[in-house]
Protein chains: 2
Amino acid sequence: MNDIDTPAEPRWLSDTEQHAWRVFLRMQGQLITRLGRELQADSDLSIADYDVLVHLTDLAGGRRRILELARELDWEKSRMSHHLARMAKRGLIAREECPADGRGAFIAITPAGQAAIEEAAPRHVELVRRMVFDALTPEQVAALGTVSEQILKQLDAPQPSCEG
Amino acid sequence: MNDIDTPAEPRWLSDTEQHAWRVFLRMQGQLITRLGRELQADSDLSIADYDVLVHLTDLAGGRRRILELARELDWEKSRMSHHLARMAKRGLIAREECPADGRGAFIAITPAGQAAIEEAAPRHVELVRRMVFDALTPEQVAALGTVSEQILKQLDAPQPSCEG
DNA sequence: CTCTCTTGGTTGACACATCACCCATCCTGC
DNA sequence: GCAGGATGGGTGATGTGTCAACCAAGAGAG
């Protein structure tokens, strides 16, 4: 394919890097899994549900165009479409027509969705605190934020596919 | 359910914590998605496939009991079972009977699996380096490792369900 | 030797994510 | 006013992960 990308001697990770990487992967997987499981058990919501509902309530209007929602949450439109269909079937959100654009649709949170998120949020936040922030010093919290921002910035940067 | 867990005044996150948390979630989601996509496109492997194959090659014997593999990778046994079935169908691994335990089975990497992982690894590592480590200073790498370890340790610790 | 408990592993139903493709509706040039 | 692309959004197949339930084989206790 594009073997210009893979030099004969790849830049392998140092021991430190490899260790950091493996422990990061393990932590991230475990953490998301556990958070999702507890959220599901406590409040019958998935993390994806939670993210959508929180985002909708953060908006003053409580309604948003679908693709705009997708962009704001960094989701693919297809994922958003499938997920909103499931959420609508459960009564957490509702679709509304968009008078200005015949193709478009608004998504609005329903009273049931509102109730669900209000009930879920305190427990979820408490859980995040116990699982994550109780384990970290303020410096480590800051470092986590910085590192995450750096990586995100790197991801947004265009990939140099062949730098001389 | 268990409202002893949710005091009337939950300990909400501070602005700093909330920011760190949101950016971490976003980073982690984007990163895994992107890594998975590129690995799939380059080498026709999912991250899960990759993890299993790397783990098997790390072992001198190249074979492992199923649940042991699951424990070492922190997977649920059901997930492991489903995933191994799919990998076996693609010829990446093979099941072998266990003479010592009639119920059990060994999983062994096949030559095809070996070839797949050897071809995938350099590109994948290069990608991880570009997406993650190129963006971080050595101190930040260390911090990432430490933070991840702290959180993992917290996750392994028994959850205090009602501390007075 | 049987009765029960545990362990190793599978299965089926369902939720979720991605890819590739489709359809309808704007918008623009002419 | 209409051809053709861009945009908003849905669909279906497939792979992936979870839960709950199941089954078969070992391990002890009587």
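To start, this report covers the structure provided alongside it.

Rules behind the numbers
Residues numbered from 1 in each chain as written. Chains lettered and ligands numbered in written order. Predicted model: local features only at pLDDT ≥ 70, side-chain atom pairs only at ≥ 80, totals over all residues. Heavy atoms only, no water. Helix = DSSP H or I, 4+ residues; strand = E, 2+ residues; numbered from the N terminus. Rg over C-alpha atoms; globule rule 2.2 N^0.38 Å. Buried < 20%, exposed > 50% of the residue type's maximum accessible area, 1.4 Å probe, protein only. Contact = heavy atoms within 4.5 Å. Areas by Shrake-Rupley, 256 points an atom, 1.4 Å probe, with all protein chains shown as cover. Lys, Arg positive; Asp, Glu negative; His and termini not counted. Charge placed at Lys NZ, Arg CZ, Asp CG, Glu CD. Buried area = accessible area lost by both parts, 1.4 Å probe. Salt bridge = Lys/Arg side-chain N within 4 Å of Asp/Glu carboxyl O. Polar contact = N/O pair within 3.5 Å; in protein donor to acceptor, adjacent residues only side chain to side chain. Pairing = 2+ DSSP bridges. Axes fitted to C-alpha atoms, helices over the stretch in contact; angles between N-to-C directions. Expected span 1.5 Å × (residues − 1). Least-squares fit on C-alpha atoms with pLDDT ≥ 70 in both. Near = heavy atom within 4 Å. Nonpolar A, V, L, I, M, F, W, Y, C, P; charged D, E, K, R; others polar.

**Some details on the overall build of chain A**
Move 1: Counting secondary structure elements, chain A contains six helices and three strands.
Move 2: In terms of C-alpha radius of gyration, chain A reaches 20 Å, well past the compact-globule figure of 15 Å for 164 residues.
Move 3: Here the C-alpha coordinates of chain A stretch approximately 55 × 40 × 25 Å along the principal axes.
Move 4: Counting the 164 residues in chain A, one finds 46% classified as buried.
Move 5: Considering only residue pairs separated by 6 or more positions, chain A has 53% of its internal contacts joining residues 24 or more positions apart.
Move 6: Carbon and sulfur atoms make up 52% of the accessible area of chain A, which amounts to about 8,900 Å² in all.
Move 7: Side chains of chain A carry 20 positive and 26 negative charges; the gap between the two charge centres is 5 Å.

**Considering the interface of chain B and chain A**
Move 1: Contact with chain B, which involves 64 residues of that partner, is made by 63 residues of chain A.
Move 2: Summed over both partners, the interface of chain B with chain A buries about 6,800 Å², with 61% contributed by carbon and sulfur atoms.
Move 3: Where chain B touches chain A, the interface holds twelve salt bridges.
Move 4: Our enumeration of links across chain B and chain A arrives at 25 residue pairs in polar contact (both at pLDDT 80 or more).
Move 5: Within the residue set of the side of chain B that touches chain A, elements represented by two or more residues are α1 (15–43), α2 (47–58), α3 (66–73), α5 (111–131) and α6 (138–156) of chain B.
Move 6: When residues of the side of chain B that touches chain A are assigned to their parent elements, the largest contribution, 18 residues, is made by α1(B).

**Quick look at the pattern of salt bridges**
Oppositely charged side chains can pair when the atoms bearing their charge come close.
Move 1: In the structure shown here, the tally under the stated rule is 28 salt bridges over all chains.
Move 2: Residues B:Glu76 and A:Arg37 are paired through a salt bridge, measuring 2.7 Å at the closest nitrogen-oxygen approach. Here A:Arg37 lies in helix α1 (residues 15–43) and B:Glu76 lies in the loop between α3 and α4 (77–89), a pairing that spans two chains.
Move 3: Note on B:Glu76: relative accessible area 47%, which makes it partly exposed.
Move 4: The partner of B:Asp101 in a salt bridge is B:Arg65, and the shortest N-O contact between them spans 3.8 Å. Residue B:Asp101 is located in the loop between β2 (93–97) and β3 (105–109), and its partner B:Arg65 is located in strand β1 (residues 63–65); the two are separated by 36 residues in the primary sequence.

**Examining the sheet that holds β2(B)**
Residues and elements named next belong to chain B.
Move 1: The sheet built from three strands is open, its strands ordered β1-β3-β2 with antiparallel pairing. Of all the strands in the sheet, just β1 and β2 have a single pairing partner and so form its edges. If you compare each strand with its neighbour and ignore which way they point, the axes differ by 30° on average.
Move 2: Both β2 and β3 contribute to a ladder of five bridges, which runs antiparallel. Across the sheet, residue Arg95 finds its bridge partner in β3, namely Ile107.
Move 3: In this fold α2 packs onto β1, β2 and β3, with an angle of close to 95° to the strand it touches most, β3.
Move 4: Here α3 sits on the sheet and contacts β1, β2 and β3; the angle it forms with β1, its principal contact strand, is near 90°.

**A word on α2(B)**
Move 1: Given a rise of 1.5 Å per residue, twelve residues ought to cover 16 Å, and the 16 Å separating the end C-alpha atoms of α2(B) matches this to within 8%.
Move 2: Listed in full, the buried residues belonging to α2(B) are B:Ala48, B:Asp49, B:Tyr50, B:Val52, B:Leu53, B:Val54, B:His55 and B:Leu56.

**What about the relation of the copies chain B and chain A?**
Move 1: With an RMSD of 0.1 Å, chain B superimposes on chain A once it is rotated by 180° and translated 0.0 Å along the axis. The superposition of one copy onto the other is thereby described by a two-fold rotation axis.
Move 2: Interface overlap between copies is the fraction of interface residues in one copy that are interface residues in the other; for chain B against chain A it reaches 98%, indicating a shared surface.

**A short note on the protein's contact with DNA strand C**
Move 1: Taken together, 24 residues lie near DNA strand C, and A:Ser78, B:Lys77, B:His82, B:Arg95 and B:Arg103 sit nearest.
Move 2: Atoms of DNA strand C within 4 Å of the protein: sugar and phosphate make up 60%, bases the balance.
Move 3: Contact between DNA strand C and B:Ser81: a phosphate oxygen at 2.8 Å from a side-chain N or O atom of the residue.
Move 4: Of all the secondary-structure elements, those providing two or more residues to the surface near DNA strand C are α4 (77–89) of chain A together with α1, α3 and α4 of chain B.
Move 5: Per-element tally for the surface near DNA strand C: the top contributor is α4(A), with five residues.
Move 6: Each residue belonging to the surface near DNA strand C can be placed in one class, and the counts come to three nonpolar, ten polar and eleven charged.

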